[in-house]
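Observations on the three-dimensional arrangement
The residues making up each chain are set out below.
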Amino acid sequence: MSGDVVQPRLGLVGWLRWAWRQLTSMRTALLLLLVLAVGAVPGSIFPQRSIDATRTAQWLTDHPTAGPILDRLGFFEVYASPWFAAIYLLLFTSLVGCVLPRTKQHLKALRARPPRAPKNPDRLGASLVETVDGTPDEVLTAWRKTLRAARFRVDSHDDNSLSAEKGYLKETGNLAFHLALIGIIVGVAIGHLWGFKGDVILPEGQTFANTLSRYDTFSPGPQVDAADLTPWTLTLARLDAVFEEDTTREGQLGMPRDFTAHVEFAPTAKAPVEDRTIKVNQPLETGNGTVFLLGNGYAPHITVRDAQGTVIYSDATPFLARDNNYKSVGAVKVPGATPKDLGFAGLFLPTGTITEHGPESMFPQPLDPYLALTVFEGELFPDGAPQSVYELDDSAMTQLRAEGSDQPLRLWIKAGQSIDLPGGRGSITFDGVERWAGLSVRTDPGKSLTLGAALLALAGLIAMLTVRRRRVFIRVSEAEPDAEGRQRTLVRVGALAKDDDEGMTDELAGLAERVKDHR
């Protein structure tokens, strides 16, 4: 026979069918899951614009070559980038295409009868052969009762055999685990599309209204309309912070013990005010968002006056703690100063002192508060880029010098003290200290689905690891009567496990022992 072998052509439909089978294979689903995990790595390495726009802008400024390239690739907005969404959708499609056919097959298997017993079940890996008293029917009845008591599904294809099977929950757990992964993906997607996250720093005595303009940072989902936010309000009445004061406990002095925000909450504009508390692990449910207490610190109240004594700045200014004694950094920005903007940058010290290493705080409570500041004048916002409230951009500013000296002007101000600025620039007063709470408002409409799916995944994983898929086959035949003429039966039993199962032999021996109780 001669001639060339002609390979069949797949055609468009054939190639599409092949691509679909490749996409919906379990191997591809696992590979996409790995790729998704790798794709999320840049989100934890590089600053994300939706979380910290200031830090992202600074990173781009510090890396003028790599920054724009990475920005075009979406490395600063990983979870909203097209490539991450493509991996996400491919993984979802792969899991759906993989799980649904397997679910259909599993449901069919649940209704199917156990397979017919082989002619020689004693040739299987775990087996036993014995001759017992009784008729074949009596022996089969005893085995049937024993197997059913052991949660086997029992069937008979003829009068001389039994087939039993159990462990369907293992495959059920496998499918539940993969269905749960789909649920987690859907839940996260719902949270991303219809959820939002906003952060605000709220000093004591001030009120926060749930509107876009009151948030310090706000990250809405693509389907969120900020104009539709529920207008609830929250006033921080008092923030209690408890620190260890027992000097006899070595290494524990000043350690935080408890933080409690006492707030006045109004769920709607016309609703009565309710007294609530927020703790680190006890958030406040508003009905349209959960309010978490994520941070706290001090907000020294600072007043700046011009040369005529007119107040040009007066506010509680948040400072950010840098160590356990709440040595805090911050900045005071006074755009209304003349002839140039003024900026103050430095430290707030709850219990301040001067050491050989410079200004330090000796205890986190405000026992003897001080401000240690340097002064700049010039343009506060030279390029209009976003700035951190804790930092001063001095790129377009000049540091003031002490009168009659080339040394930078350094202010050491105690609570209640006022200091005149050189050159007729006015004065700065440290009026007192207030606390602030760092609140994070988050709405995630998919969290219930995600939690339920995670619990389902855990249950499925436990079932996969603990349940064994096992089959037992029994064949009986009449044996020679005993010396007294009583009928006897030859029993051949074989057991088979789907995977490596060292306990199959022990279970078969246990079943054989329990059969004696049913005869």
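Per chain, the residues get numbers from 1 upward, laid out in the order the sequence is written. Residue-level local features of this predicted model are given only where pLDDT is at least 70; pairs of side-chain atoms are given and counted only at 80 or more, and the full residue set underlies all totals for whole chains, interfaces and linings. Hydrogens and waters are ignored; side-chain quantities use all the structure's heavy atoms.

A look at the sheet that holds strand β23 (residues 470-479)
The strand order across the open sheet built from five strands is β1-β24-β23-β3-β2, with neighbouring strands paired in antiparallel fashion. The open sheet has two edge strands, β1 (126-133) and β2 (153-155), and neither has a second partner. Along the sheet, successive strands turn relative to each other by an average axial angle of 20°, direction set aside. In the sheet, β23 pairs with strand β24 (residues 488-497) via 10 bridges, with the strands oriented antiparallel. Across the sheet, residue R475 finds its bridge partner in β24, namely R492. Throughout, a residue-residue contact means that at least one pair of heavy atoms, one from each residue, lies within 4.5 Å. Angular values range over 0 to 180 degrees, each being the angle between N-to-C directions of two axes fitted as lines to C-alpha atoms, with helices fitted over their stretch in contact. Secondary structure elements are defined from DSSP: runs of H or I of at least 4 residues count as helices, runs of E of at least 2 residues count as strands, and each element is numbered from the N terminus. Together, β1, β2, β3 (161-166), β23 and β24 form the strand contacts of helix α7 (residues 136-149), whose direction differs from that of β23 by roughly 165°. Pairing between strands is defined by DSSP: at least two bridges between them are needed.

Topic: the packing of α7 against helix α10 (residues 504-515)
Orientation of α7 relative to α10, taken along the N-to-C sense of each, is 125°, at an axis distance of 9 Å. Here α7 lies oblique to α10, going by the angle between them. Here the hand of the crossing between α7 and α10 comes out right-handed. Taken together, the residues of α10 that come into contact with α7 (itself represented by A142, W143, T146 and L147) are L511, A512, R514 and V515. Oblique is the label for every angle not falling under 35 degrees (roughly parallel), over 145 degrees (roughly antiparallel), or within 65 to 115 degrees (roughly perpendicular). In this scheme the crossing of two helices becomes right-handed for a clockwise turn of the near helix relative to the far one and left-handed for an anticlockwise turn of less than a right angle.

Describing the pattern of salt bridges
Whenever a carboxyl oxygen of Asp or Glu lies within 4 Å of a side-chain nitrogen of Lys or Arg, that contact is scored as a salt bridge. A complete count under the given rule lists 18 salt bridges for this structure. The salt bridge involving D158 is made with R116; its shortest N-O contact spans 3.8 Å. One end of the pair, D158, is in the loop between β2 and β3; the other, R116, is in the loop between α6 (82-111) and β1, with 42 residues separating them in the sequence. With a closest N to O distance of 2.7 Å, R471 and E165 form a salt bridge. Here R471, found in strand β23, pairs with E165, found in strand β3; they are 306 residues apart in sequence, far enough to count as distant. Here the term buried applies to any residue with accessible area under 20% of the maximum for its type, exposed to any over 50%, and partly exposed to those in between, with areas from a 1.4 Å probe on protein chains only. With a relative accessible area of 29%, R471 lands in the partly exposed category. Classification of E165 by relative accessible area gives buried; the value is 2%.

Let's talk about the nonpolar core
In terms of nonpolar packing, the biggest core is built from 48 residues, with L234, F344, L411 and I428 touching the most fellow members. Beyond its immediate stretch of four places on either side in the chain, F344 contacts V304, G330, A331, V332, V334, L373, T374, V375, L392, L411, L421 and I428. As used here, the term nonpolar core means buried Ala, Val, Leu, Ile, Met, Phe, Trp, Tyr and Cys residues forming a set that is joined through side-chain atoms within 4.5 Å. The next biggest cluster of nonpolar side chains, apart from the first, holds 24 residues, and it includes V139, F152, A164 and M504.

A closer look at the side chain of D306
Considering the arrangement of structural elements, one finds D306 in the loop between β11 (290-305) and β12 (311-316). No salt bridge is formed by the buried D306; the nearest opposite charge belongs to R305, separated by 7.8 Å. In contact with D306, other than residues within four places in its own chain, are I312, R425 and G426. Counting rule applied: Lys, Arg positive; Asp, Glu negative; His and chain ends not counted.

What about the environment of T505?
Structurally, T505 can be placed in helix α10. In the structure, T505 is positioned 10 residues away from A495 in sequence and 7.8 Å away in space, judged by C-alpha atoms.

Topic: the packing of aromatic side chains
Here a ring pair, both rings aromatic, is described through the centre-centre distance and the interplanar angle of the planes. Aromatic pairs are defined between Phe, Tyr and Trp rings, using the six-membered ring for Trp, whenever the two ring centres lie within 6.5 Å; interplanar angles under 30 degrees are classed as stacked, those over 60 as edge-to-face, and all others as tilted. Evaluation of the coordinates by the stated rule reveals 20 aromatic pairs. Relative to F76, the ring of F46 lies with its centre 5.9 Å away and its plane at 75°, an arrangement referred to as edge-to-face. With a gap of 30 residues between them, F46 in the loop between α3 (41-45) and α4 (53-62) and F76 in the loop between α5 (66-72) and α6 connect regions that are remote in the sequence. The same class applies to F46 and to F76, which are both buried. Three or more aromatic residues joined by ring pairs form one cluster here, namely F46, W59, F75, F76, Y79, W83 and F84. Lysine NZ or arginine CZ positioned within 6 Å of the ring centre and within 35 degrees of the ring normal marks a charge as sitting over the ring. Its guanidinium or amino end placed over the ring of Y168, R469 lies 4.6 Å from that ring's centre, counting from NZ or CZ.

A closer look at the sheet that holds strand β8 (residues 256-266)
The strand order across the open sheet formed by four strands is β5-β7-β8-β9, and the pairing between neighbours is antiparallel. Both outer strands of the open sheet, β5 (207-209) and β9 (274-279), are each paired with one neighbouring strand and no more. The mean angle between the axes of side-by-side strands here comes to 30°, regardless of whether they run parallel or antiparallel. As paired strands, β8 and β9 are joined by six bridges and run antiparallel to one another. What sits directly across from F265, in β9, is E274.

Geometry only, nothing functional implied.
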